[in-house]
There are 2 protein chains.
Amino acid sequence: MTITGKMIIGRRKVVGEGPELYAFDPNENRMLEPTFLSATRQLVDEACELATQSFDAYKELPLEARAGFLERITANIESIGSILIQRAHSETGLPMARLEGERARTANQLRMFASVIRSGHWLNATLDSPLPDRQPLPRSDLRKLMVPLGPVAVFGASNFPLAFSVAGGDTASALAAGCPVIVKAHSAHLGTSELVAEAIQQASVECDMPDGVFSLVVGSGSEVGTQLVTNPAIKAVGFTGSRQGGLALVRAAFNRQEPIPVYAEMSSINPFFVLPGALSKRTSTLAAALADSISLGAGQFCTNPGLIALLDSEAARNFVDELTAILGKQSAQTMLTPGIAKAYEVALKRRFDDQAITQILSPTLDASACTAQPAIFAVTAGEFLANTLHREEIFGPASLVVYCRDVSELLELANSLEGQLTSTLHFEDGDEAIVRQLLPILTKKVGRIIANGYPTGVEVSHAMVHGGPFPSTSNARATSVGASSIDRFLRPICYQDVPSKFIPPALQDSNPLSLWRLRDGQMEKH
Amino acid sequence: MTITGKMIIGRRKVVGEGPELYAFDPNENRMLEPTFLSATRQLVDEACELATQSFDAYKELPLEARAGFLERITANIESIGSILIQRAHSETGLPMARLEGERARTANQLRMFASVIRSGHWLNATLDSPLPDRQPLPRSDLRKLMVPLGPVAVFGASNFPLAFSVAGGDTASALAAGCPVIVKAHSAHLGTSELVAEAIQQASVECDMPDGVFSLVVGSGSEVGTQLVTNPAIKAVGFTGSRQGGLALVRAAFNRQEPIPVYAEMSSINPFFVLPGALSKRTSTLAAALADSISLGAGQFCTNPGLIALLDSEAARNFVDELTAILGKQSAQTMLTPGIAKAYEVALKRRFDDQAITQILSPTLDASACTAQPAIFAVTAGEFLANTLHREEIFGPASLVVYCRDVSELLELANSLEGQLTSTLHFEDGDEAIVRQLLPILTKKVGRIIANGYPTGVEVSHAMVHGGPFPSTSNARATSVGASSIDRFLRPICYQDVPSKFIPPALQDSNPLSLWRLRDGQMEKH
């Protein structure tokens, strides 16, 4: 495979006619070949039209065909080989080993969705038996299942060029649901996007999928993305990125003649509570592991712990000293893009300028390098509550320590939080009373609660929730990681008295798919 | 019980201080006592504050306590007695027998939700076992379940003063989910609303529910409703009514600092296809039953069949003649409100003025009476496709016949439809080829497909879907009737490595609630 600068519109490889784009190597501070040309509106419309046409055939395919398609995509991505890792490394500055791990994660995610498709739990097959003799009126035969929404637009994330990008969780779950996908390539990893898109396109041909079930478009700025989201063919949007970018898509989708759902995973500071018992028992191991979690991937994780809540004490101050000492020894890491590096610098400078913030670890800023070093700040809980600046996510290896006078202030802090993807609690037996007060508050605020662990590292499994109340996402009812992410692209439909020969196999009397089904309110499998 | 004109704010009965409102008797064309006074912003805020406070306790109650609360509400509503039916009759003009049936439906719906709560299927308990030895990284213990969103605002519908109002499906499903509810009373049935609200309040006291788990506010115009929806305490909205009213709420909710979901069930013309085989075999029974469905409740049903699609033929014309003859003999029925009667008149006049529309049955309009008589219009498919007027819902006993030249035009008509709550197909064996072409199109358009039946009459059960793509609702992924309507007010949360003593019973190892749970991708109940 080679990188050509072309887009993929259904089965065609196409050169754009819009503005030029280049990928950028943040390690070597240089543009990367080849030239990409943005899609015109006409090309976006063509991809949407093809997606609409393909939907009719794709949604009716047997589940096994859909699962086989995802498995073929997986195999094709794995067989791209080292050029994929090398290109992703050049485009993102992320270490090769990390990218190999991310490729494995991407493959496992696709395989999981193949098994999810086959399991059919997501169909939510539900049957109510007819009651012809019921008084005063008989009951009809009612059968419900989930059907796909239609073509989905996917916006990949800069920080996971494989696992949250062209063949990432959004694409995998949408294809699994029966929805065609059009990906808007992230401009920070154009070549990686093309390679993966070609693997999907090949799988589509090899598995005889309808033309248009997958397309990839590129574009500078927000124009192509907006054209995509506002095209009437698109019925849902998946996005991972900044609060500003996510809200712009939500607004565009809302202002359509037919509003559509946008699943935007946006910003979270992932509060990390260390209670006194845990602090006294595990100061050093905790400091080391928390330092790793803060600086992992140069802090460019959605689940990066950006707020460390402590009850003020000598032990707490010592803990912060240890944490700072470890982070202070770390060398600078390359950031994904010059824009992200610049934003990190601006975020730190705003804190430097704020008199209420104590600088605990203040890296020297080097505007010319696309790198970041860890930073630690501290405020009192009173100051935290008084200034909304402290709630804002810093995308990078920085964290804000909040010292609370007492438990009541700690609870007040928890109560003041916006919606979050995660919150973490470290505790020991003696902390039980505080845990019991914190948990009911945090369950109102977050999508995932972690005990005595670290928020970075999101398992791809059935019980995972990578979501949470606004502003961590635009839709608290969804997760963008794990088996349940398929639900975002489905809606229910009910068949009333429709003869068996006309309804999907999942609902037929003989239960040919051997599904667990809810019949008259009871689970059964026969 | 007596009607006092008061609102219910938590456990208090309160007189408003805003503008006066009166209920209106459309049968007798007169205002009804007593005076109601609109809520002030301060009262709305108070109800919201109480709801927020009550949420902390209400969400933590054992499921059995919540189920018992719903059963007590049911008993209290049933024991209000005949004053409820009489007042609802006075306020809506609906026949007493219909209202008695609606009360039974309301009670059954509440009882169903009590059993839904106990079943726990909606908790969606999901467990992934820890894999401590997995390479390269161990897997944590992950456990997911659904938790309530928080206080919900409910806007009752004018056309179901009991089943879609104060103690209707939205309130029942939100309370079942663990969400406090604040109802904005529909101004068309203020007295009915007060009676039912008092039954709920009494149940709340009798079951020792936290103060504020339920409130009822009244208000003229849209001000009180907007104050409610934009209050930060409110986390979701349930609405049944007009497209205009629904979209106004959706917009208000979207423009909040924290946007929230609005489940608005809005407008649908419920296309009704009669295929040639069915037409030739059952003309007269079909015409009689369809006439009933069109004129039921003066056509004031969300699922009223407003579009009749036929392949043009002599048989089709005869069928329409029969239908028209039956409807033409019907006397005028009282409409719910003078405003609704007026809107019906305006909608008919717009059709009278349109040269492309053939008037088949044109009632005499009497602007002074709050009544409606059936109307039937006809257009060709070509005309239907050319003018968006024909897609608009007429709220009342009117239906538009669309004559199609051939099957391909029938399919084009189906393809051109907006989102609908329902679509109905009447067919016999000889129609199979057309059915097989129509169904894949209709599954993209509707929430419920009915074979050889009638769309009016919505079963309250597990498999029901009362929802559909925009504009029939603001959220195609939801149903506002049936057991699954509880899902609207829930979101997932994941507990990672949290010790058993701190997690909800639904997720504990011993499975104390005896739930069906998904463990490592397999259903189990132990």
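Before reading on, note that the structure itself is shown above.
First, a word on scope: everything that follows refers to the structure included in this document. (Residues numbered from 1 in each chain as written. Chains lettered and ligands numbered in written order. Predicted model: local features only at pLDDT ≥ 70, side-chain atom pairs only at ≥ 80, totals over all residues. Heavy atoms only, no water.)

## A word on the environment of Gln86 of chain A
(1) Moving on: For Gln86 of chain A, the position within the fold is in helix H3 (residues 82–92).
(2) Moving on: The spacing of Gln86 of chain A and Leu99 of chain A is 13 residues in sequence and 8.9 Å in space, taken between C-alpha atoms. (Helix = DSSP H or I, 4+ residues; strand = E, 2+ residues; numbered from the N terminus.)

## Considerations on the side chain of Ser472 of chain A
Residues and elements named next belong to chain A.
(1) Moving on: Turning to its location among the elements, Ser472 is positioned in the loop between strand S20 (446–451) and strand S21 (490–496).
(2) Moving on: A distance of 2.7 Å separates a polar atom in the side chain of Ser472 from the backbone oxygen of Pro469.
(3) Moving on: The contacts of Ser472, once residues within four sequence positions are left out, are Ala264, Glu265, Met266, Ser267, Ser268, Gly419, Gln420, Leu421 and Gly467. (Polar contact = N/O pair within 3.5 Å; in protein donor to acceptor, adjacent residues only side chain to side chain. Contact = heavy atoms within 4.5 Å.)

## Brief notes about the sheet that holds strand S7 (residues 152–155) of chain A
All names here are of chain A.
(1) Moving on: The seven strands lie next to each other as S2-S1-S9-S8-S7-S10-S11, forming an open sheet whose pairing is mixed. Both outer strands of the open sheet, strand S2 (12–14) and strand S11 (262–265), are each paired with one neighbouring strand and no more. Averaged over all pairs of adjacent strands, the angle between their axes in this sheet comes to 20°, without regard to strand direction.
(2) Moving on: As paired strands, strand S1 (residues 7–9) and S2 are joined by three bridges and run antiparallel to one another. Bridged to Ile8 within S2 is Lys13. (Pairing = 2+ DSSP bridges. Axes fitted to C-alpha atoms, helices over the stretch in contact; angles between N-to-C directions.)

## As for the pairing of strand S10 (residues 236–240) of chain B
Residues and elements named next belong to chain B.
(1) Moving on: Among the five residues of S10, five are classified as buried, and the element is accordingly described as predominantly covered.
(2) Moving on: Looking at chain direction, strand S7 (residues 152–155) and S10 are connected through four bridges and run parallel. Each bridged residue has a counterpart across the sheet, and for Val152 the counterpart in S10 is Ala236.
(3) Moving on: In the classification by handedness, the crossover that spans S10, the intervening helix H8 (residues 243–254) and the parallel strand S11 (residues 262–265) is right-handed. (Buried < 20%, exposed > 50% of the residue type's maximum accessible area, 1.4 Å probe, protein only. Right-handed = clockwise from strand over helix to strand, strands pointing away.)

## Overview of the sheet that holds S10 of chain B
Residues and elements named next belong to chain B.
(1) Moving on: Taken in spatial order, the seven strands make up an open sheet running S2-S1-S9-S8-S7-S10-S11, and their pairing is mixed. The two strands at the open ends of the sheet, each matched to only one other strand, are strand S2 (12–14) and S11. Here the average twist between neighbouring strands, direction ignored, is 20°.
(2) Moving on: Across four bridges, S7 lies against strand S8 (residues 181–184) in parallel orientation. What sits directly across from Phe155, in S8, is Lys184.

## Here's the deal with the relation of the copies chain B and chain A
(1) Moving on: If you rotate chain B by 180° and push it 0.0 Å along the axis, it lands on chain A with an RMSD of 0.0 Å. Read as a symmetry element, the transformation amounts to a two-fold axis. When C-alpha distances to the rotation axis are compared across chain B, the minimum falls at Phe254 of chain B, with a value of 4.2 Å.
(2) Moving on: Taken together, the interface assignments show that 100% of the residues at the interface of chain B recur at the interface of chain A, consistent with an identical surface on both copies. (Least-squares fit on C-alpha atoms with pLDDT ≥ 70 in both.)

## Comments concerning unusual backbone geometry
Residues and elements named next belong to chain A.
(1) Moving on: Note the cis peptide between Glu33 and Pro34, where omega equals -5°.
(2) Moving on: By the secondary structure assignment, Pro34 is in strand S4 (residues 30–37).
(3) Moving on: A cis amide bond links Gln135 to the next residue, Pro136, at an omega of 0°.
(4) Moving on: Checked against the element boundaries, Pro136 lands in the loop between strand S5 (126–128) and strand S6 (142–148).
(5) Moving on: Despite not being glycine, Asn29 has its phi angle at roughly 55°, a positive value.
(6) Moving on: A positive phi angle is found at Asn452, which is not glycine, with a value near 50°.
(7) Moving on: Topologically, Asn452 is positioned in the loop between S20 and S21.

## Details of the packing of helix H4 (residues 96–119) of chain B against helix H5 (residues 169–177) of chain B
All names here are of chain B.
(1) Moving on: H5 packs onto H4 with a crossing angle of 20° between their chain directions and a minimal axis gap of 10 Å. Considering the angle they form, H4 stands roughly parallel to H5. Here H4 runs over H5; the crossing is right-handed. Here H4 contributes Gln109, Leu110, Phe113 and Ile117 to the contact with H5, which in turn contributes Gly169, Ala172, Ser173 and Ala176.
(2) Moving on: Taken together, the residues of the contact of H4 with H5 break down into five nonpolar, three polar and no charged. (Parallel < 35°, antiparallel > 145°, perpendicular 65-115°, else oblique. Left-handed = near helix turned anticlockwise from the far one by under 90°. Nonpolar A, V, L, I, M, F, W, Y, C, P; charged D, E, K, R; others polar.)

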